[in-house]
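Given next are the chains, with one letter for each unit.
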Amino acid sequence: MEQPSWKKTKLSLERPYKDHKGEPIPVLLDIAPDGVQLFEPPQDPTKLLGENLRRIFIERGIDFFERQDARRATGDLSVPQALDTTDDKAELDHPEEVASKAIMTPEELFKMRMEIMHQLLIALGEMTHARELLSLLLASTAPIDPSPVSSLPSSTLTASIVTKPPPIPSVEAFNAQLTIGGKDEALRKAASLFKTAANNLEKSRLRGQRYWVDALKIRRANWGLVPAPLPFGAPTGKGAEKTSKDFFVSFGLEESPAHFRRRAVGHMATYETSSHVLVFPHRQRVRLQVSLILTDPSGFARTASNNITCLSDASLEDSLKNAQREMIEEELFSVLIKEASTLPTASAQVAERLIVIDAAQGTELKFELVDGDSVDAQGSYTSDERLSATCNLIYFVLQGHLLSLHASRKSRRLSSSPQRPPAIFLNKAPLLQPIIDLLQYQVFCDRIKVELDKMVSALRKTGIPCSLRFDGVGESGHQLVGHLVADETGRRIGGEALLRIDARQVTVSETLRLTFLSPSSLTAHLPQATLSIASIPQLVQLLSDEVEKCLLNRLCELGSQVSERIGATWFVDFVSGKAVGRWEGSILNFRIIFGKDFAIHSSAYCLNRAGHQLSLLDTYTPETSTSLVAWLQELLEKTMAES
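Computed from a predicted structure; not experimentally measured. (Residues numbered from 1 in each chain as written. Predicted model: local features only at pLDDT ≥ 70, side-chain atom pairs only at ≥ 80, totals over all residues. Heavy atoms only, no water.)

If you tally the helices and strands in the protein, you get 15 helices and 21 strands. Contacts in the protein between residues far apart in sequence, at least 24 positions, make up 51% of those at least 6 positions apart. (Helix = DSSP H or I, 4+ residues; strand = E, 2+ residues; numbered from the N terminus. Contact = heavy atoms within 4.5 Å.)

Rendered as structure tokens:
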């Protein structure tokens, strides 16, 4: 709806200084009866400045500026008063006397009083005379009460009638517009005030309604509601009203320590907020970041961390979940700090918000409390997905161990009779020790697999068919989860490795089986015995011996096939570690030697029965173009042809 034209009138309270042509408007002093306008004469700024400067020297003395500088130098910041020019020189000569004259004595005050009283009495007489004269002029009829002033004859005073000149139309219109504009502005301000008050009342009503709607949503989502403490200054004496008028939202874990439960509270906002409906007075907005740093023997380091996800605080449910997750991670970090100093198989460095643990060789585990806002801004991108998945596994396993710890505490607390604490509490580090064991087991399996891969590579270079099946974790996913939450004895996981050599004929002697158990137990299952291996050099020696035995057996089998027509006899001398072939007039010896990274070398020696001399026939190295079997076959045919 369009407003009327009088509401659109806008008046400026600023004094107009230019007309509609842009010319300056002079200051109007008076208007004569004949309509002549008298304006203020223009003043020369230079002349006005000169008069003002001249007044300074006339009223305050010719040495005003010198006296002001002297007062500033002595620290007296009082405003200098005008002095008599005749006493200027005397005051400059005697500054102490001038300072003493500032305080008047009783004699000076009495003298000043006598001078002023005389002038005041004169002024009182003049005012009394003027009052009586005005009362005489204003009396149109004889007063009822007798006046002490004697009546004057009618011819003494005469009166004249003066009429007020009519107002100037332009001035009258301007005054009317100014009055209307002032009233309109006052009405608009009053209306705006009432509108603001009404809006505030409506917002307060809606906020109160939303307060209880959100409270019902929180209760429906099964979050804990606890009575709020009484406000500060509330009466707490006997007979006082102690009923709580508000509630707190509790999102802490039931078996958490008391100081964490006291911090894990929030309350509904009773005032207008920007975005958050809930207020968390003790929220620190920090997240737990789990990082792994792996350093290989060459010194190259790989770093990865867990993926930190954070929901937005737009809804009640998301804000409570974020606050609960942050509080759980703070509790986790506090438990990790206590356990870091009691680790039996690892060393740790602990700071206020950082824990660094040397978990295994070349493996560094780091727990850090980082700012949640900065983590959301940076994101959680990582190039090593496998290492990042390990960090995520550690993060969630820690939460599962914490919940298991709380469940054990609750069961002990609710039990009627005192029970012996489970084995998980006998361990000084129930949260960290399983993680350290898993990391050490992973490094242990990697080192075993490296040695087995070296042996497989060396066998394949010589043309010996072989296969390796390596299972670091033999349990299924469900069983692994059960092991993680079990006690200390049932928490160990294991795996196995099967190395099959010369897969054409799968026999017991050609299969090497190794089993391992966390954190660093290795067992070799041989046909004749079961051995526990305690070090990598021992494993290297075992692999060399078993593979050498398999290769010598293979050489004997091949020699028997090639020299069957001449009736040769082949056997393995396990004492001296060689394969021996005999036929009429010749004896051949074959030895297997392992070099660096299990590089296979073989030497063939021939023993002449007539001279009983052992001579070197040929040597096989990994650089030989043919395979070990072909080299042996070729050498046997050549030797049999020569004999």
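Now, onward.
Within soluble globular proteins, side chains that are nonpolar tend to cluster in buried spots. Within the largest apolar cluster, 55 residues are counted, with the highest numbers of intra-cluster contacts made by Leu-459, Leu-514, Phe-516 and Phe-590. If one sorts the elements of this core by residue count, helix 14 (residues 536-562) sits on top with 12 residues. (Core = buried A, V, L, I, M, F, W, Y, C linked by side-chain atoms within 4.5 Å. Buried < 20%, exposed > 50% of the residue type's maximum accessible area, 1.4 Å probe, protein only.)

Quick look at the layout of surface pockets now. Approximately 560 Å³ is the volume attributed to the largest pocket. In terms of lining, the largest pocket is formed by 20 residues, of which the most central are Thr-295, Asp-296, Pro-297, Gln-361 and Val-443. Breaking the lining of the largest pocket down by element, the ones donating at least two residues are strand 7 (286-295), helix 10 (385-414) and helix 12 (432-461). At 7 residues, the largest contribution of residues to the lining of the largest pocket is made by helix 12. (1 Å grid on protein atoms, 1.4 Å probe; cavity = no way out; pocket = protein on both sides within 12 Å on 5 of 7 lines; lining within 4 Å. Points joined across faces, edges and corners; volume = space filled by probe spheres on them.)

For any pair of aromatic rings, the description rests on two quantities: the centre-to-centre distance and the angle between the ring planes. This structure, assessed with the given rule, holds 11 aromatic pairs. Relative to Phe-247, the ring of Trp-212 lies with its centre 6.2 Å away and its plane at 45°, an arrangement referred to as tilted. With Trp-212 in helix 6 (residues 169-220) and Phe-247 in strand 4 (residues 247-250), this pair connects stretches of sequence that are 35 residues apart. Accessibility expressed as a relative area gives 11% for Phe-247, which makes it buried. (Phe/Tyr/Trp six-rings, centres within 6.5 Å; stacked < 30°, edge-to-face > 60°.)

Counted according to the given criterion, the structure contains 4 cavities of 30 Å³ or more. Put simply, the parts of the chain that give the lining of the second largest cavity at least two residues each are helix 7 (258-263) and helix 8 (316-340). The element contributing the most residues to the lining of the second largest cavity is helix 8, with 4 residues. For the lining of the second largest cavity, the residue count by class is 5 nonpolar, 3 polar and 2 charged. (Nonpolar A, V, L, I, M, F, W, Y, C, P; charged D, E, K, R; others polar.)

Take the confidence of the model for the protein next. Per-residue confidence for the protein gives a mean pLDDT of 80; residues scoring 70 or more make up 84%. Throughout residues 505-509 the model reports pLDDT below 50, and contacts reaching past four residues in sequence, or to other chains, amount to 6 contacts. (pLDDT = per-residue confidence, 0-100.)

Let us look at the environment of Ile-536. Examined against the element boundaries, Ile-536 turns out to sit in helix 14. The class for Ile-536 is buried, based on a relative accessible area of 18%. Sequence-wise, Ile-536 and Phe-444 are 92 residues apart; in three dimensions their C-alpha atoms are separated by 9.7 Å. If we ignore the near neighbours within four places in the chain, the residues touching Ile-536 are Arg-447 and Glu-451.

With that out of the way, let us pick up helix 12. Between the first and last C-alpha of helix 12 there are 44 Å, a value that for 30 residues agrees with the 44 Å anticipated at 1.5 Å per step. Phi for Gly-463, located one or two positions after helix 12, is positive at around 85°. (Expected span 1.5 Å × (residues − 1).)

Attention now moves to the sheet that holds strand 16 (residues 530-533). The 5 strands are arranged 12-13-14-15-16 in an open sheet whose pairing can be described as antiparallel. The open sheet has two free edges, formed respectively by strand 12 (466-471) and strand 16, since each of these has just one partner strand. Taking the axes of each pair of neighbouring strands and ignoring which way they run, one obtains an average angle of 15° across the sheet. Where strand 12 meets strand 13 (residues 494-501), 6 bridges bridge the pair, whose relative direction is antiparallel. Counted as the bridge partner of Phe-470 is Ala-497 from strand 13. This element, helix 12, spans strand 12, strand 13, strand 14 (511-517) and strand 15 (521-525) of the sheet and lies at about 175° to strand 12. The strands that helix 14 touches are strand 13, strand 14, strand 15 and strand 16; relative to strand 16, the one it contacts most, it runs at about 145°. (Pairing = 2+ DSSP bridges. Axes fitted to C-alpha atoms, helices over the stretch in contact; angles between N-to-C directions.)

The next thing to look at is the sheet that holds strand 3 (residues 224-227). A sheet is described by the order of its strands in space; here 4 strands give the open sequence 3-4-5-6, paired in antiparallel fashion. The open sheet has two free edges, formed respectively by strand 3 and strand 6 (278-279), since each of these has just one partner strand. Taken together, the 2 bridges between strand 4 and strand 5 (residues 265-268) define a ladder with antiparallel strand orientation. Following the sheet pairing, Ser-250 is matched in strand 5 by Val-265.

For the pair helix 10 and helix 12, interaxial distance at closest approach is 10 Å and the crossing angle is 155°. Between helix 10 and helix 12, the interaxial angle falls into the category roughly antiparallel. Considering only the axes of helix 10 and helix 12, their crossing is right-handed. On helix 12, the residues touching Arg-386, Thr-390, Ile-394, Val-397, Leu-398 and His-401 of helix 10 are Pro-434, Ile-435, Leu-439 and Gln-442. (Parallel < 35°, antiparallel > 145°, perpendicular 65-115°, else oblique. Left-handed = near helix turned anticlockwise from the far one by under 90°.)

As paired strands, strand 7 and strand 11 (residues 363-371) are joined by 9 bridges and run antiparallel to one another. Bridge pairing in strand 11 links Val-290 to Phe-367. Bridge count between strand 10 (residues 354-360) and strand 11: 6 bridges; the pairing is antiparallel. Counted as the bridge partner of Ala-360 is Thr-363 from strand 11. Hairpin connection from strand 10 to strand 11: 2 residues lie between these consecutive antiparallel strands, with Gly-362 at a positive phi of about 75°.

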